[in-house]
Every structure is written in structure tokens, then in C-alpha cells.
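Single-letter residue listing:
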Amino acid sequence: MSAILAVTGLFSAASHAQIQPMETVTVIYRTPFDYALYQQTTEMLTGFNRELGQKIIAQARQDNVTLAKRYGFLLMTNKNSSI
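Conventions we followed
- Residues numbered from 1 in each chain as written.
- Predicted model: local features only at pLDDT ≥ 70, side-chain atom pairs only at ≥ 80, totals over all residues.
- Heavy atoms only, no water.
- Helix = DSSP H or I, 4+ residues; strand = E, 2+ residues; numbered from the N terminus.
- Buried < 20%, exposed > 50% of the residue type's maximum accessible area, 1.4 Å probe, protein only.
- Areas by Shrake-Rupley, 256 points an atom, 1.4 Å probe, with all protein chains shown as cover.
- Expected span 1.5 Å × (residues − 1).
- Phe/Tyr/Trp six-rings, centres within 6.5 Å; stacked < 30°, edge-to-face > 60°.
- Patch = residues over 30% accessible without salt bridge, like charges linked within 9 Å, V, L, I, M, F, W, Y side chains within 5 Å.
- Salt bridge = Lys/Arg side-chain N within 4 Å of Asp/Glu carboxyl O.

**Points about the overall build of the chain**
Phase 1 of the analysis: A tally of helices and strands in the chain yields two helices and zero strands.
Phase 2 of the analysis: Taken over 83 residues, the chain has a buried fraction of 2%.
Phase 3 of the analysis: Accessible area for the chain stands at about 8,400 Å²; split by element, carbon and sulfur atoms hold 63% of it.

Written as C-alpha cells, this is what we have:
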């Protein structure tokens, strides 16, 4: 009996989660300059965000190495050996 209730619950949950059409937004630029400015700004911000993420990761790694050296967990680094 409990199996029937579980299956019935799954079907009712699936019927409530129907896929809605995606909302679309139409943007009209006043001049070609406005559109070019939008494109340039978008590309610049995308590049900045990508670089920022990479810089954060590099800084975190450097901080980990610095702390490890300071507290004696990392005595010597050998760049030629692979782990």
C-alpha cells in the first residue's frame, strides 16, 4: 500500500513541476554606438571576472605555501619532482 502512495506522490509532484516557457527580453539600442559600447563593456567585464577568479586562486595557493613554510610544514620544494 505504501508503494502505491509513493508512486502516486511522484506523479503528482511531476505534474506540478511543468516546464514554463523561458522569458525573453528584447533590447533596442538607440544608435550603433550604444550597441558597440554595450559589447565592449560586456567583453571587458567578462575578461575582468575571468582574471579575478584566476588571481584569487593563485593568491590562495601562494598564501598556503607561505604559511606552510612559516610553520615548518614545507621545508623544501623541488620543482622537478612529480607527485
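**Considering helix H2 (residues 32–70)**
Phase 1 of the analysis: Between its first and last C-alpha atoms H2 spans 56 Å; for 39 residues at 1.5 Å apiece the expected length is 57 Å, and the two agree.
Phase 2 of the analysis: Following H2 by one or two positions, Gly-72 adopts a phi angle in the positive range, close to 80 degrees.

**Comments concerning the packing of aromatic side chains**
The relation between two aromatic rings is expressed through the spacing of the ring centres and the mutual angle of the planes.
Phase 1 of the analysis: According to the stated counting rule, one finds one aromatic pair in the structure shown.
Phase 2 of the analysis: Plain terms: the ring middles of Tyr-35 and Tyr-38 are 6.3 Å apart, the flat faces sit at 35 degrees to each other, and that makes the pair tilted. Taken as a pair, Tyr-35 and Tyr-38 lie in helix H2 at a separation of three residues, close to a single helical turn.

**Section: a nonpolar patch on the surface**
Phase 1 of the analysis: Together, Phe-48, Leu-52 and Ile-56 make up an exposed nonpolar region whose accessible area comes to about 290 Å².
Phase 2 of the analysis: Along the polypeptide, Leu-52 turns up in helix H2.

No statement about biological role is implied by the geometric values presented.
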